[in-house]
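Structural overview for review
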Amino acid sequence: MKLKWLGHSAFELIRNDGLNILVDPFIQGNPSCPISINELNPDIICITHAHGDHFGDAIEIARNTNALVISNYEISQYLQKSGIRSLGINYGSEISTDHMSIRMLDARHTSSYDFEGDIKYAGNPGSFLFDFKNDIKIFHAGDTGLFSDLKFVVGEIYKPDIALLPIGNLFTMDPKEASIAAKWINPKIVIPMHYNTFPSIKQDGNYFMQLVKNENPNCKTLILKPLETYETK
Ligand code: NI
Ligand code: MN
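Residues numbered from 1 in each chain as written. Chains lettered and ligands numbered in written order. Predicted model: local features only at pLDDT ≥ 70, side-chain atom pairs only at ≥ 80, totals over all residues. Heavy atoms only, no water.

Moving on, we get to the coordination of the nickel ion (ligand 1). Summarising the metal site, the nickel ion (ligand 1) is bound by the protein donors His49 (NE2), His51 (ND1), His109 (NE2) and Asp143 (OD), whose distances to it range over 2.2 to 2.3 Å. Around the nickel ion (ligand 1) sit four donor atoms; with metal-centred angles ranging over 88 to 177 degrees, the donor geometry is irregular. Written as a sequence motif, the donor residues of the nickel ion (ligand 1) are H-x1-H-x57-H-x33-D. Taken as a pair, the nickel ion (ligand 1) and the manganese ion (ligand 2) show a spacing of 3.3 Å, with Asp143 coordinating each metal. Residue classification places His51 among the buried residues on the basis of a relative accessible area of 17%. (Donors = N, O, S within 2.8 Å, 3.2 Å for Na, K, Ca; no water. Tetrahedral: all angles 85-135°; square planar, octahedral: opposite > 155°, others 65-115°. Buried < 20%, exposed > 50% of the residue type's maximum accessible area, 1.4 Å probe, protein only.)

This is the structure we're talking about:
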């Protein structure tokens, strides 16, 4: 399968048979994403939480493609009222499709919609574990600070091969916290995200790589450029 970074926390996960999962589709307002939404054709869109830099263009893309949107219950209710095909889940839920499953896990953050300055509650923020059976397991951490379930739940129970971790500081973990998360989760590969999109979350990917090397020499840091693809077997 292929994993393509679209900048910030947006990723395309593309299975060998073509099934396309788009995570946190922040495209049009994303200064680090060089493509337009018309170039995307997901079957499934997953949203970790409702902040604009994650919810992004979900509605427009889902309308264009009829993709199924998977998110927390509160976001899915809002999407259904907007005429979007959506499935609301919560922590502990696993949805199995053929040859894969998607599980929502915890994230330590907040989640709200901003309706032109009017902030509305939008359920709890989450993270996702994508289990591409007979291939790899990918953990997308969403926006989060460091918390112990990254070790005791994600690392010890779900054991992802690849972890996508925010390192931007200000709204999420900083590189030091994220390197500890890389030790606790202990994936084969860690990919930093949610940095260098805006000046306020500027970070040095190579500094993060060095910290990961110190904390967990078995874990390889893969620094992608927007639109760069990592391909498993
Ligand atoms: Ni957020
Ligand atoms: Mn964010």
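After presenting the structure, the write-up continues.
This paragraph deals with the coordination of the manganese ion (ligand 2). For the manganese ion (ligand 2), every protein donor is listed as Asp53 (OD), His54 (NE2), Asp143 (OD) and His194 (NE2), and the spread of their distances is 2.2 Å. We note that the donor set of the manganese ion (ligand 2) lies within a single chain, spaced as D-H-x88-D-x50-H.

For the structure on display, the rule yields eight aromatic pairs. When the ring of Phe55 is compared with that of Tyr113, the centres are 6.0 Å apart and the planes differ by 85 degrees; the resulting orientation is edge-to-face. Here Tyr113 lies in strand E9 (residues 112–115) and Phe55 lies in helix H1 (residues 52–55), a separation of 58 residues in the sequence. Residue classification places Phe55 among the buried residues on the basis of a relative accessible area of 9%. By relative accessible area, which is 8% here, Tyr113 ends up buried. Centroid distance Tyr78 to Tyr113: 4.5 Å. Interplanar angle 50 degrees. Geometry classified as tilted. Separated by 35 residues along the polypeptide, Tyr78 in helix H3 (residues 73–81) and Tyr113 in strand E9 bring together distant segments of the chain. Judged by relative accessible area, which is 27%, Tyr78 ranks as partly exposed. Here the aromatic residues Trp5, Phe11 and Tyr195 are joined through ring pairs into a cluster of three or more. Across from the ring centre of Phe152, 5.7 Å away, lies the NZ or CZ of Lys151, which sits over that ring. (Phe/Tyr/Trp six-rings, centres within 6.5 Å; stacked < 30°, edge-to-face > 60°. Helix = DSSP H or I, 4+ residues; strand = E, 2+ residues; numbered from the N terminus. Lys NZ or Arg CZ within 6 Å of the ring centre and 35° of its normal.)

Turning to its location among the elements, Gln203 is positioned in the loop between strand E14 (189–193) and helix H6 (205–215). Beyond its immediate chain neighbours, meaning those up to four positions away, Gln203 contacts Ile167, Gly168, Asn169, Pro175, Tyr195 and Asn196. (Contact = heavy atoms within 4.5 Å.)

Let us now look at the sheet that holds E14. Either a parallel or an antiparallel arrangement is found when strands of a sheet pair, and the pairing is made through backbone hydrogen bonds. Ordered by their spatial adjacency, seven strands build an open sheet running E7-E8-E11-E12-E13-E14-E15, and the pairing between neighbours is mixed. Here the strands that pair on one side only, and so sit at the sheet edges, are strand E7 (94–97) and strand E15 (220–221). In terms of strand pairing, strand E12 (residues 137–140) meets strand E13 (residues 162–166) through three bridges, oriented parallel. Across the sheet, the residue bridging to His140 is Leu164, located in E13. Lying over the sheet, helix H4 (residues 149–158) contacts strand E8 (100–106), strand E11 (126–132) and E12, oriented at roughly 165 degrees with respect to E8. Against the sheet, helix H5 (residues 175–185) makes contact with E12, E13 and E14, and its axis sits at roughly 155 degrees relative to E13, the strand it touches most. (Pairing = 2+ DSSP bridges. Axes fitted to C-alpha atoms, helices over the stretch in contact; angles between N-to-C directions.)

Within this structure's numbering, the places UniProt gives as "domain: Metallo-beta-lactamase" (unreviewed entry) are residues 7–194. Helix and strand shares over residues 7–194 are 22% and 32% respectively, and the end C-alpha atoms of the span are 8 Å apart. (UniProt positions renumbered as here; feature names shortened; annotations may be inferred.)

Moving on to the pattern of salt bridges. What the rule picks out here adds up to eight salt bridges. Taking the shortest distance from any N to any O, the salt bridge between Arg15 and Asp17 comes out at 2.7 Å. The class of Arg15 is buried, set by a relative accessible area of 11%. With a shortest N-O distance of 3.3 Å, Glu94 and Arg103 are connected by a salt bridge. Owing to a relative accessible area of 41%, Glu94 belongs among the partly exposed residues under this scheme. Among the charged side chains, a network of salt bridges with common partners joins Lys176, Lys183 and Glu215. (Salt bridge = Lys/Arg side-chain N within 4 Å of Asp/Glu carboxyl O.)

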